[in-house]
Amino acid sequence: MASIFTRIIRGEIPCHRVHEDAHVFAFLDIAPLAPGHVLVVPRQEVEFLHQLDDAHAAALGAALPKVARAMLAATGASAYNLLQNNGALAHQAVPHVHMHLIPRFEDGRGLGIGWRAGQIDHGEAAALAARMREFIA
Ligand code: AMP
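Residues numbered from 1 in each chain as written. Predicted model: local features only at pLDDT ≥ 70, side-chain atom pairs only at ≥ 80, totals over all residues. Heavy atoms only, no water.

Draft legend 1. Main features of the sheet that holds strand S4 (residues 79-83). The 5 strands lie next to each other as S1-S2-S3-S5-S4, forming an open sheet whose pairing is antiparallel. Every other strand in the sheet has two partners, leaving strand S1 (17-20) and S4 as the edge strands with one partner each. Taken pair by pair, the neighbouring strands of this sheet meet at an average axis angle of 20°, ignoring direction. When S1 meets strand S2 (residues 24-28), the two strands line up antiparallel, connected through 3 bridges. Looking at the pairing, Glu20 lines up with Phe25 of S2. Contacts from helix H2 (residues 54-75) reach S1, S2, strand S3 (38-42), S4 and strand S5 (99-104) within the one sheet, and its direction differs from that of S5 by about 20°. (Pairing = 2+ DSSP bridges. Helix = DSSP H or I, 4+ residues; strand = E, 2+ residues; numbered from the N terminus. Axes fitted to C-alpha atoms, helices over the stretch in contact; angles between N-to-C directions. Contact = heavy atoms within 4.5 Å.)

Here you go:
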């Protein structure tokens, strides 16, 4: 069954469209954290960012600054967050990759962040980075 975002892209469910091209579709979030909260969605319907093919990943990357400029111009905001959740454990509700572009205003409207910074363990970090390099190579 098609995801709710695929159904929006097909025009089966209404949305406030912001941008579209061959690979990407952007529209306003129906429950915005602030006015102008945009979702940027690849047409390819996969759950996780790492499942995107190169063409959709590249198009998504190219669309984000374009949509961000439009969002800033339309809202008057000067700050914003880019959020992308992968997996229900990471707060993903809709299993179709999407980027949130969320304007942040002086009065606090926007994304609230609970950032629990830890202390790096350099031994563990060196091993993890090495494993990632090996995987990429
Ligand atoms: P996430 O938690 O990252 O999966 O976020 C999913 C987002 O999709 C939420 O912010 C919802 O408000 C938004 N959303 C769900 N249904 C719709 C819809 N029909 N139109 C616009 N946004 C939607």
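Draft legend 2. Up close: the site of the ligand. Around the ligand there are 16 residues in total, and Asp29, His91, Ala93, His98 and His100 lie nearest to it. Between the ligand and Val94, the relevant distance is 3.0 Å, taken from an oxygen atom to a main-chain nitrogen or oxygen of the residue. Expressed as a share of its isolated accessible area of 500 Å², the protein-covered part of the ligand is 84%. Counting only elements with at least two residues in the shell around the ligand, the list comes to helix H1 (4-9) and S2. The element contributing the most residues to the shell around the ligand is H1, with 3 residues. In terms of residue class, the shell around the ligand is made up of 10 nonpolar, 5 polar and 1 charged. (Near = heavy atom within 4 Å. Polar contact = N/O pair within 3.5 Å; in protein donor to acceptor, adjacent residues only side chain to side chain. Areas by Shrake-Rupley, 256 points an atom, 1.4 Å probe, with all protein chains shown as cover. Nonpolar A, V, L, I, M, F, W, Y, C, P; charged D, E, K, R; others polar.)

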